[in-house]
Amino acid sequence: MQLKKGKQFFITLAAFLILGISFKVMVLVEGLTEVRPVNAIPPVAGLLCGPVGAAACGIGNLLADMAGTFSASSLLGVIGNFLAAYMPYRLWQLFSDEEPNLHSRKNRIRYCLICAVSAMTVAWFLAFGLYLLEGVWMEQIYTYVFFNNLGFSIGLGMPLLIILTSDGVQIKGCRFRGKNRILEQLILRRAVCAGYAGCMLLLFAGVAYWHFSPKEAPWLLSVSVTAAASLVVLLV
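Residues numbered from 1 in each chain as written. Predicted model: local features only at pLDDT ≥ 70, side-chain atom pairs only at ≥ 80, totals over all residues. Heavy atoms only, no water.

### With respect to the overall build of the protein chain
Logical step 1: Scanning the protein chain from terminus to terminus reveals eight helices and two strands.
Logical step 2: Its helices and strands taken in sequence order, the protein chain reads α-β-β-α-α-α-α-α-α-α from the N to the C terminus.
Logical step 3: By sequence separation, contacts in the protein chain at least 24 residues apart represent 76% of the contacts at least 6 residues apart.
Logical step 4: About 11,100 Å² of surface is accessible on the protein chain, with carbon and sulfur atoms providing 70% of the total. (Helix = DSSP H or I, 4+ residues; strand = E, 2+ residues; numbered from the N terminus. Contact = heavy atoms within 4.5 Å. Areas by Shrake-Rupley, 256 points an atom, 1.4 Å probe, with all protein chains shown as cover.)

Shown next, in the form of C-alpha coordinates:
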(Lines give C-alpha, C1' and ligand atoms only; values in the text may rest on other atoms or scores of the structure.)
Protein backbone atom coordinates (compact mmCIF):
# COMPACT_ATOMS: atom_id res chain seq x y z
CA MET A 1 0.00 0.00 0.00
CA GLN A 2 1.29 3.45 -0.91
CA LEU A 3 -0.59 6.57 0.22
CA LYS A 4 -0.74 9.63 -1.98
CA LYS A 5 1.75 12.34 -1.10
CA GLY A 6 -0.92 14.71 0.19
CA LYS A 7 -2.22 12.08 2.62
CA GLN A 8 1.33 11.23 3.66
CA PHE A 9 1.99 14.88 4.46
CA PHE A 10 -1.15 15.52 6.51
CA ILE A 11 -1.06 12.21 8.40
CA THR A 12 2.56 12.84 9.36
CA LEU A 13 1.82 16.45 10.27
CA ALA A 14 -1.17 15.49 12.43
CA ALA A 15 0.79 12.77 14.26
CA PHE A 16 3.69 15.16 14.84
CA LEU A 17 1.43 17.89 16.22
CA ILE A 18 -0.45 15.54 18.54
CA LEU A 19 2.70 14.10 20.09
CA GLY A 20 4.71 17.31 19.91
CA ILE A 21 2.16 19.50 21.67
CA SER A 22 1.14 16.85 24.22
CA PHE A 23 4.59 16.75 25.81
CA LYS A 24 5.38 20.47 25.81
CA VAL A 25 4.91 20.50 29.59
CA MET A 26 7.84 18.09 30.14
CA VAL A 27 10.50 20.80 29.81
CA LEU A 28 14.23 19.98 29.78
CA VAL A 29 15.61 23.39 28.80
CA GLU A 30 13.16 26.27 29.21
CA GLY A 31 12.08 27.68 25.87
CA LEU A 32 14.25 25.30 23.85
CA THR A 33 13.49 21.61 24.31
CA GLU A 34 11.49 19.06 26.27
CA VAL A 35 11.01 15.31 26.55
CA ARG A 36 10.06 14.43 22.97
CA PRO A 37 8.43 11.08 22.15
CA VAL A 38 7.56 12.86 18.89
CA ASN A 39 11.15 12.18 17.83
CA ALA A 40 10.03 8.65 16.99
CA ILE A 41 8.14 10.04 13.98
CA PRO A 42 10.85 11.64 11.76
CA PRO A 43 12.88 8.49 10.92
CA VAL A 44 9.69 6.53 10.21
CA ALA A 45 8.20 9.37 8.17
CA GLY A 46 11.45 9.80 6.24
CA LEU A 47 11.79 6.11 5.40
CA LEU A 48 8.14 5.69 4.40
CA CYS A 49 7.33 9.10 2.89
CA GLY A 50 10.71 10.54 1.86
CA PRO A 51 10.99 14.33 1.38
CA VAL A 52 7.22 14.73 1.92
CA GLY A 53 7.51 13.21 5.39
CA ALA A 54 10.60 15.29 6.15
CA ALA A 55 8.78 18.50 5.16
CA ALA A 56 5.81 17.55 7.36
CA CYS A 57 8.14 17.02 10.34
CA GLY A 58 9.84 20.38 9.83
CA ILE A 59 6.56 22.28 9.52
CA GLY A 60 5.01 20.25 12.34
CA ASN A 61 7.83 21.25 14.68
CA LEU A 62 7.30 24.93 13.84
CA LEU A 63 3.56 24.69 14.53
CA ALA A 64 4.17 22.74 17.75
CA ASP A 65 6.63 25.42 18.91
CA MET A 66 3.84 27.96 18.58
CA ALA A 67 2.15 26.12 21.44
CA GLY A 68 4.82 27.18 23.91
CA THR A 69 8.46 27.35 22.80
CA PHE A 70 8.35 29.56 19.69
CA SER A 71 11.37 31.84 19.25
CA ALA A 72 13.86 32.92 16.63
CA SER A 73 15.65 29.60 17.16
CA SER A 74 12.53 27.75 15.99
CA LEU A 75 13.94 28.06 12.47
CA LEU A 76 16.76 25.78 13.56
CA GLY A 77 14.13 23.35 14.82
CA VAL A 78 12.43 23.32 11.42
CA ILE A 79 15.66 22.38 9.66
CA GLY A 80 16.72 20.00 12.43
CA ASN A 81 13.49 18.01 12.28
CA PHE A 82 13.60 17.99 8.49
CA LEU A 83 17.09 16.47 8.73
CA ALA A 84 15.90 13.97 11.36
CA ALA A 85 13.54 12.54 8.71
CA TYR A 86 15.52 13.14 5.52
CA MET A 87 18.82 11.68 6.76
CA PRO A 88 17.38 8.18 7.43
CA TYR A 89 15.65 8.25 4.02
CA ARG A 90 18.85 9.27 2.23
CA LEU A 91 21.22 6.99 4.13
CA TRP A 92 18.99 3.94 3.76
CA GLN A 93 18.98 4.36 -0.01
CA LEU A 94 22.76 4.73 -0.09
CA PHE A 95 23.34 1.53 1.85
CA SER A 96 20.48 -0.73 0.75
CA ASP A 97 18.61 -1.69 -2.39
CA GLU A 98 15.64 -2.91 -0.31
CA GLU A 99 12.54 -0.91 0.50
CA PRO A 100 12.81 0.26 4.13
CA ASN A 101 11.80 -2.53 6.51
CA LEU A 102 13.02 -4.06 9.75
CA HIS A 103 12.15 -7.68 9.06
CA SER A 104 15.75 -8.90 9.18
CA ARG A 105 18.52 -8.56 11.74
CA LYS A 106 20.72 -6.81 9.17
CA ASN A 107 18.07 -4.16 8.54
CA ARG A 108 17.46 -3.61 12.25
CA ILE A 109 21.18 -3.01 12.78
CA ARG A 110 21.21 -0.71 9.74
CA TYR A 111 18.26 1.23 11.16
CA CYS A 112 19.95 1.69 14.56
CA LEU A 113 23.19 2.92 12.97
CA ILE A 114 21.29 5.33 10.72
CA CYS A 115 19.34 6.64 13.72
CA ALA A 116 22.60 7.17 15.63
CA VAL A 117 24.10 9.23 12.79
CA SER A 118 20.84 11.14 12.38
CA ALA A 119 20.65 11.87 16.14
CA MET A 120 24.23 13.18 16.16
CA THR A 121 23.44 15.29 13.10
CA VAL A 122 20.42 16.97 14.68
CA ALA A 123 22.20 17.51 18.02
CA TRP A 124 25.18 19.06 16.23
CA PHE A 125 23.04 21.25 14.00
CA LEU A 126 20.91 22.64 16.84
CA ALA A 127 23.67 23.13 19.42
CA PHE A 128 26.21 24.66 17.04
CA GLY A 129 23.51 26.59 15.16
CA LEU A 130 22.39 28.21 18.39
CA TYR A 131 26.01 29.06 19.19
CA LEU A 132 26.64 30.64 15.79
CA LEU A 133 23.36 32.56 15.65
CA GLU A 134 23.11 33.79 19.23
CA GLY A 135 26.57 33.26 20.70
CA VAL A 136 25.11 30.90 23.32
CA TRP A 137 26.76 27.54 23.99
CA MET A 138 24.67 25.00 25.90
CA GLU A 139 26.14 21.52 26.14
CA GLN A 140 22.86 20.19 27.50
CA ILE A 141 21.13 21.11 24.26
CA TYR A 142 23.48 18.77 22.41
CA THR A 143 23.13 15.89 24.88
CA TYR A 144 19.36 16.21 25.40
CA VAL A 145 18.67 16.43 21.68
CA PHE A 146 20.94 13.48 20.93
CA PHE A 147 19.46 11.14 23.52
CA ASN A 148 15.90 12.31 22.81
CA ASN A 149 16.35 11.51 19.13
CA LEU A 150 18.25 8.26 19.52
CA GLY A 151 16.15 6.85 22.35
CA PHE A 152 12.73 7.53 20.87
CA SER A 153 13.82 6.70 17.29
CA ILE A 154 14.79 3.22 18.41
CA GLY A 155 12.48 2.66 21.38
CA LEU A 156 9.28 3.85 19.68
CA GLY A 157 10.21 4.36 16.03
CA MET A 158 11.49 0.82 15.49
CA PRO A 159 8.31 -1.00 16.60
CA LEU A 160 6.21 1.57 14.73
CA LEU A 161 8.11 0.94 11.50
CA ILE A 162 7.86 -2.82 11.99
CA ILE A 163 4.08 -2.56 12.35
CA LEU A 164 3.60 -0.22 9.39
CA THR A 165 5.66 -2.43 7.04
CA SER A 166 4.21 -5.70 8.35
CA ASP A 167 2.21 -8.11 6.17
CA GLY A 168 -1.00 -6.86 7.77
CA VAL A 169 -0.44 -3.18 6.92
CA GLN A 170 2.09 -3.33 4.07
CA ILE A 171 2.98 0.35 3.72
CA LYS A 172 5.81 0.60 1.23
CA GLY A 173 8.85 2.74 1.86
CA CYS A 174 9.91 5.66 -0.32
CA ARG A 175 12.65 5.07 -2.86
CA PHE A 176 15.34 7.62 -3.67
CA ARG A 177 14.99 8.94 -7.21
CA GLY A 178 18.52 10.26 -7.68
CA LYS A 179 20.81 9.55 -10.64
CA ASN A 180 24.19 7.85 -10.97
CA ARG A 181 23.50 5.07 -8.47
CA ILE A 182 26.82 3.35 -9.18
CA LEU A 183 28.78 6.57 -8.71
CA GLU A 184 26.96 7.23 -5.44
CA GLN A 185 27.85 3.78 -4.16
CA LEU A 186 31.54 4.25 -4.96
CA ILE A 187 31.98 7.81 -3.72
CA LEU A 188 29.26 8.63 -1.21
CA ARG A 189 29.04 5.26 0.47
CA ARG A 190 32.75 4.58 0.86
CA ALA A 191 34.21 8.04 1.31
CA VAL A 192 31.77 10.81 2.15
CA CYS A 193 29.59 8.72 4.46
CA ALA A 194 32.62 7.43 6.34
CA GLY A 195 34.08 10.93 6.61
CA TYR A 196 30.79 12.41 7.76
CA ALA A 197 30.26 9.70 10.38
CA GLY A 198 33.81 10.30 11.59
CA CYS A 199 33.10 14.02 11.96
CA MET A 200 29.94 13.28 13.93
CA LEU A 201 31.81 10.92 16.24
CA LEU A 202 34.56 13.49 16.81
CA LEU A 203 31.98 16.14 17.67
CA PHE A 204 30.13 13.75 19.95
CA ALA A 205 33.34 12.88 21.80
CA GLY A 206 34.37 16.52 22.06
CA VAL A 207 31.04 17.73 23.43
CA ALA A 208 29.47 14.81 25.29
CA TYR A 209 32.62 13.05 26.57
CA TRP A 210 35.32 15.73 26.92
CA HIS A 211 32.79 18.53 27.56
CA PHE A 212 34.53 21.03 25.31
CA SER A 213 32.87 24.18 24.03
CA PRO A 214 33.63 25.74 20.62
CA LYS A 215 35.34 28.62 22.41
CA GLU A 216 37.64 26.28 24.35
CA ALA A 217 38.28 23.98 21.41
CA PRO A 218 38.18 25.82 18.04
CA TRP A 219 38.79 22.52 16.26
CA LEU A 220 35.12 21.72 16.92
CA LEU A 221 34.19 24.46 14.46
CA SER A 222 36.73 23.21 11.92
CA VAL A 223 35.26 19.72 12.12
CA SER A 224 31.79 21.28 11.81
CA VAL A 225 32.76 22.97 8.54
CA THR A 226 33.97 19.64 7.14
CA ALA A 227 30.79 17.95 8.37
CA ALA A 228 28.61 20.63 6.79
CA ALA A 229 30.32 20.18 3.41
CA SER A 230 29.91 16.41 3.63
CA LEU A 231 26.27 16.79 4.63
CA VAL A 232 25.53 18.85 1.53
CA VAL A 233 26.99 16.10 -0.65
CA LEU A 234 24.95 13.46 1.18
CA LEU A 235 21.67 15.30 0.83
CA VAL A 236 21.79 16.11 -2.88
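### Comments concerning helix 2 (residues 41–49)
Logical step 1: Counting buried residues in helix 2 gives nine out of nine residues, a clear majority hidden from the surface.
Logical step 2: The set of residues buried in helix 2 consists of Ile41, Pro42, Pro43, Val44, Ala45, Gly46, Leu47, Leu48 and Cys49.
Logical step 3: Tucked into the core, helix 2 has its buried residues touching helix 1 (5–22), helix 3 (51–65), helix 4 (74–95), helix 5 (105–134) and helix 6 (139–164).
Logical step 4: At the exit of helix 2 stands Gly50, carrying a positive phi of roughly 65°. (Buried < 20%, exposed > 50% of the residue type's maximum accessible area, 1.4 Å probe, protein only.)

### Remarks on the packing of aromatic side chains
Logical step 1: Taken as a whole, this structure holds 11 aromatic pairs when the rule is applied.
Logical step 2: Seen in terms of ring centroids, Tyr86 and Tyr89 are 5.2 Å apart; in terms of plane orientation they differ by 65°. Their pairing is edge-to-face. Separated by three residues within a single helix, Tyr86 and Tyr89 lie in helix 4, roughly one turn from each other.
Logical step 3: Taking the relative accessible area as the measure of exposure, Tyr86 reaches 10% and is therefore buried.
Logical step 4: Here the aromatic residues Tyr142, Phe146, Phe147 and Phe204 are joined through ring pairs into a cluster of three or more. (Phe/Tyr/Trp six-rings, centres within 6.5 Å; stacked < 30°, edge-to-face > 60°.)

### Brief notes about unusual backbone geometry
Logical step 1: In this structure, His211 is a non-glycine residue whose phi angle is positive, near 60°.
Logical step 2: Structurally, His211 is set in the loop between helix 7 (181–209) and helix 8 (219–235).
Logical step 3: Given the relative accessible area of 46%, His211 is considered partly exposed.

### As for the nonpolar core
Where a protein is soluble and globular, its nonpolar side chains tend to be buried together.
Logical step 1: Counting 48 residues, the largest nonpolar core has Tyr111, Trp124 and Tyr196 as its most contacted members.
Logical step 2: If you list the elements that add at least two residues to this core, you get helix 2, helix 4, helix 5, helix 6, helix 7 and helix 8.
Logical step 3: When residues of this core are assigned to their parent elements, the largest contribution, 14 residues, is made by helix 5.
Logical step 4: Ile41, Ala45, Ala54 and Ala85 belong to the second-largest nonpolar core, a separate cluster that totals 10 residues. (Core = buried A, V, L, I, M, F, W, Y, C linked by side-chain atoms within 4.5 Å.)

### What about a nonpolar patch on the surface?
Logical step 1: Together, Leu202, Tyr209, Trp210 and Trp219 give the surface a local cluster of nonpolar side chains, amounting to about 460 Å² of exposed area.
Logical step 2: Along the chain, Leu202 turns up in helix 7. (Patch = residues over 30% accessible without salt bridge, like charges linked within 9 Å, V, L, I, M, F, W, Y side chains within 5 Å. Salt bridge = Lys/Arg side-chain N within 4 Å of Asp/Glu carboxyl O.)

### As for helix 3
Logical step 1: Between its first and last C-alpha, helix 3 extends 21 Å over 15 residues, near the 21 Å set by a 1.5 Å rise per residue.
Logical step 2: All buried positions along helix 3 are accounted for by Val52, Gly53, Ala54, Ala56, Cys57, Gly58, Gly60, Asn61, Ala64 and Asp65.
Logical step 3: Next to the buried residues of helix 3 lie helix 1, helix 2 and helix 4. (Expected span 1.5 Å × (residues − 1).)

### Considering the packing of helix 1 against helix 2
Logical step 1: Packing of helix 1 against helix 2 leaves a shortest axis separation of 11 Å and a crossing angle of 175°. If you check the angle between helix 1 and helix 2, you find them roughly antiparallel. Between helix 1, through Gln8, Thr12, Ala15, Phe16 and Leu19, and helix 2, the contact on the second element is made entirely by Ile41, Pro42, Ala45, Leu48 and Cys49. (Axes fitted to C-alpha atoms, helices over the stretch in contact; angles between N-to-C directions. Parallel < 35°, antiparallel > 145°, perpendicular 65-115°, else oblique.)

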